[in-house]
Each structure stands twice: as structure tokens, then as C-alpha cells.
Amino acid sequence: MIRTLINLFFRFLEILLVVMMAGMALMVFVNVVMRYGMNSGIAISEEMSRYFFIWVTFIGAVLAYREHLHLGVETLVAKFGRTGRLVLMALSNLIVLGCSGIFFWGTWVQLPINTSMVATVSGLSMGWVYGIGLFTGGGIFLIALERLVRQATGRITDEEIAAFAGENMSLEQLAERT
């Protein structure tokens, strides 16, 4: 039940990213056409497309981390056996926990300052723009923590170890990543 809800949440995030990318493309396209065709533009569309880009990047980072799509030194990891890979996986997740925790905390400390400022055109609180760091830092932290707990309790699967070492993809999937 919990796993289903988590999967639905990440599916929602994927759909949200598609909607935001489409919205961003539409806003930029309409603005370009209006500037060149009518010598005018929609000021808020430029600002909102920039914010959409920020949100897409930070939400996408959480999705990419969940799917093991961030940069890794897979050629080095692939040279190790199962025990070595598990040690490297734990070390990697501990480093990610530290970095994402610092990122979350930094966003939390900075949020009151950002909330007090407003965007030039839309009047939107900048807390909405920079506050996405809370989602990203917290999301990646929780994913890494969950992986560490499953690893410590022996519930890590061979597929996850293979994904960590970059061995879970076919040649077609590897070609798509380049």
C-alpha cells in the first residue's frame, strides 16, 4: 500500500514536470511570436518560464536520484564484487545524506529572507521560487536514508546493486543516456 502511494506520488511528479515543460515552452513561444510579430510581449510569461525552469530542474533532480540517473563512477564500481559495491553504495548514500541535509538546512535558514522578497512582475514571493530547495534536499535525503536503512537491514536487491554499478541497462538504454 505504501509503495503504491509512493509510486503514485512520483508518477504525479513526472506528469507535473511534463506540464511545466509544456507551459514553459508555450510561454516562451508565445512571447517570441508576440515580440517579433506584434512588437510587444507578456512580461509575466518571461518571469514564470524562468521559475518553471528552476522548479523543473529541482524536481527532476529528485526523480533522477530515485532512478539512479545522476552521475556516478560506474566503471570503478563495476570492478568491485558484491561486498565492495555494498560498501561503496553505503558510502555514496552517506555522502548524499550529508550534502542533501546541508542543502535542506541552508534553504531552511535562507527561506525567511527569500519569503520577504517579491518577484518584480508577478509579485510572487521568492520563497516559492527558492523554497523548492526544501523539496529537493528533503526528497533526496529521504530516498538516500531509505536506501541506507534497507541496506543495513539486508533488504537491498541485486537489481539495485546492479543499478548502482550501471549494469542494469541494455545497450539501447545506455545509448539514450548519452
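This structure is a prediction, so every number in the text was calculated from the model and none was measured. (Residues numbered from 1 in each chain as written. Predicted model: local features only at pLDDT ≥ 70, side-chain atom pairs only at ≥ 80, totals over all residues. Heavy atoms only, no water.)

A closer look at the overall build of the protein
Counted only if it meets this: By the criteria applied, helices consist of DSSP H or I runs no shorter than four residues and strands consist of E runs no shorter than two, each listed in order from the N terminus. Think of it in three bands: residues with accessible area under 20% of the maximum for their type are buried, residues over 50% are exposed, and the middle band is partly exposed, with areas taken using a 1.4 Å probe on protein chains only. Pairs of residues are marked as contacts when any of their non-hydrogen atoms sit within 4.5 Å. Accessible areas in this description were obtained via Shrake-Rupley with a 1.4 Å probe; residue shielding takes into account the shown protein chains only. The charge count treats Lys and Arg as positive and Asp and Glu as negative. His and the chain ends do not count. Taken as the charge centre is NZ of Lys, CZ of Arg, CG of Asp or CD of Glu, depending on the residue.
Looking only at helices and strands, the protein has 8 helices and 0 strands in total. A burial count over the protein gives 36% of its 178 residues as buried. If you take every contact in the protein between residues at least 6 apart in sequence, the share linking residues at least 24 apart comes to 73%. When the accessible area of the protein is evaluated, it comes to approximately 11300 Å², of which 72% is carbon and sulfur surface. When the 12 basic and 12 acidic side-chain charges of the protein are each reduced to a single mean position, those positions are 4 Å apart.

Thoughts on the nonpolar core
We apply this condition: For our purposes a nonpolar core is just a set of buried Ala, Val, Leu, Ile, Met, Phe, Trp, Tyr and Cys residues, chained together by side-chain atoms within 4.5 Å.
Counting 26 residues, the largest nonpolar core has Tyr51, Phe52, Trp55 and Ile59 as the members making the most contacts within it. Sorting elements by how many residues they give to this core places helix H2 (residues 43–66) first, with 9 residues. If near-sequence neighbours (up to four positions away) are discounted, tryptophan 55 is found in contact with Met20, Met48, Gly60, Leu124, Trp128, Val129 and Ile132. Of all hydrophobic cores here, the second largest spans 7 residues; its members include Val77, Ile156, Phe164 and Ala165.

Focus on the packing of helix H4 (residues 82–115) against helix H6 (residues 132–152)
Geometrically, a packed helix pair is captured by the angle between its two axes and the distance between the axes. Put simply, the rule is: In this description, a line fitted to the C-alpha atoms serves as the axis of each element, helices being fitted only across the stretch in contact, and the angle between N-to-C directions of two axes falls anywhere from 0 to 180 degrees. An angle below 35 degrees is read as roughly parallel, one above 145 as roughly antiparallel, one from 65 to 115 as roughly perpendicular, and any other as oblique. It is the rotation of the near helix from the far one that decides the hand of a crossing: anticlockwise by less than a right angle makes it left-handed, clockwise makes it right-handed. Charged residues are taken to be Asp, Glu, Lys and Arg, nonpolar residues to be Ala, Val, Leu, Ile, Met, Phe, Trp, Tyr, Cys and Pro, and polar residues to be all remaining types, Gly included.
Close contact between H4 and H6 brings their axes to 8 Å; oriented N to C, the two are set at 155°. Of the possible angle classes, the one that applies to H4 and H6 is roughly antiparallel. Read as a crossing pair, H4 and H6 show a hand that is left-handed. Of the residues contributing to the contact of H4 with H6, the split by class is 17 nonpolar, 9 polar and 1 charged.

Quick notes on the pattern of salt bridges
Selection rule: The term salt bridge refers to a pairing of a side-chain nitrogen on Lys or Arg with a carboxyl oxygen on Asp or Glu at a separation within 4 Å.
Taken as a whole, this structure holds 8 salt bridges when the rule is applied. One salt bridge in this structure joins glutamate 46 and arginine 50, with 4.0 Å as the shortest N-O distance. Of the two residues, glutamate 46 and arginine 50 both sit in helix H2, 4 residues apart, roughly one turn of that helix. Judged by relative accessible area, glutamate 46 falls into the partly exposed class, the value being 41%. Look at arginine 50 and you get partly exposed, because its relative accessible area is 43%. Of the charged contacts in the structure, one is a salt bridge between glutamate 146 and arginine 150, with a shortest N-O distance of 2.5 Å. Of the two residues, glutamate 146 and arginine 150 are both situated in helix H6; the distance of 4 residues between them amounts to about one turn of the helix. Among the residues examined, glutamate 146 registers a relative accessible area of 29% and is labelled partly exposed. Residue class for arginine 150 comes out buried when judged on its relative accessible area of 13%. What you see here is one network of salt bridges that share partners, running through Arg3, Glu146, Arg150 and Glu160.

Some remarks on the layout of surface pockets
Condition: Put simply, the grid is 1 Å and covers the protein atoms alone, a cavity is a trapped set of points that fit a 1.4 Å probe, a pocket is an open set with protein on both sides within 12 Å along at least five of seven lines, and lining residues have an atom within 4 Å of a point. Grid points are joined across faces, edges and corners, and a volume is the space filled by probe spheres set on the points.
If you add up the space inside the largest pocket, you get close to 560 Å³. Every residue lining the largest pocket is counted, 20 residues in all, and those nearest its centre are Arg3, Phe10, Arg66, Ile143 and Glu146. Secondary structure elements with two or more residues in the lining of the largest pocket: helix H1 (2–38), H2, H6 and helix H7 (158–164). Within the lining of the largest pocket, the residues separate by chemical class into 9 nonpolar, 3 polar and 8 charged. In this structure, the second largest pocket occupies an estimated 450 Å³ of space. Forming the walls of the second largest pocket are 23 residues, and the residues nearest its centre are Leu71, Gly72, Val73, Ser92 and Phe164. In terms of residue count, the dominant contributor to the lining of the second largest pocket is H4 (7 residues).

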